[in-house]
Amino acid sequence: FVDEHTQQLRHARECEAQEVAQRRQNVQDFRLTQHDKMRRSKAAKELAKKVGEQHWQGVQENKYRMMEKDLDFEKEMINRTHLRIAAVRNHYEQDCGFRESSEEGIAWFEKNLQRIGIDTSEHS
């Protein structure tokens, strides 16, 4: 009876030791898998950050190109407006006789009136 009791106690201690060893192994495996997950997650976050930065850089470049295009368009429109104003000014200068050798427009008309003796001054 004592031998059986001793054998049962020994078997219980061995089983308990195996369970403790199994628990330790399970804890160690769990920690390793958690560390592996953490490393993979960190690598994925870094990759996503790089991709995000590249996307941001592309967006900034597109934005810069669009601003340059808008600026060029505005410059062209300003140049066209200046040319249109210069053309209108030139037309009215010729029409009103502000040019010295003007042979057309109002200056020509007033010159012909003065030639035939009609005074075209404002105070006449």
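Our subject is the structure listed above.
Described in the following lines is the structure provided in the data block. (Residues numbered from 1 in each chain as written. Predicted model: local features only at pLDDT ≥ 70, side-chain atom pairs only at ≥ 80, totals over all residues. Heavy atoms only, no water.)

**Quick look at the overall build of the protein**
For the protein, the count of helices and strands is two helices and zero strands. Burial statistics for the protein: of 124 residues in total, 2% are counted as buried. Surface exposure of the protein reaches about 12000 Å², of which carbon and sulfur atoms provide 55%. (Helix = DSSP H or I, 4+ residues; strand = E, 2+ residues; numbered from the N terminus. Buried < 20%, exposed > 50% of the residue type's maximum accessible area, 1.4 Å probe, protein only. Areas by Shrake-Rupley, 256 points an atom, 1.4 Å probe, with all protein chains shown as cover.)

**What about the pattern of salt bridges?**
Oppositely charged side chains can form a pair if their charged atoms are brought close together. The tally for this structure, following the rule as stated, stands at three salt bridges. For arginine 39, the salt bridge is made with aspartate 36, and the minimal N-O distance between the two is 3.9 Å. In this pair, arginine 39 and aspartate 36 both sit in helix H1 (residues 2–96), three residues apart, roughly one turn of the helix. For arginine 40, the salt bridge is made with aspartate 36, and the minimal N-O distance between the two is 3.2 Å. Linking arginine 40 with aspartate 36, this pair stays in helix H1, spanning four residues, or about one helical turn. For aspartate 36, a relative accessible area of 33% puts it in the partly exposed group. (Salt bridge = Lys/Arg side-chain N within 4 Å of Asp/Glu carboxyl O.)

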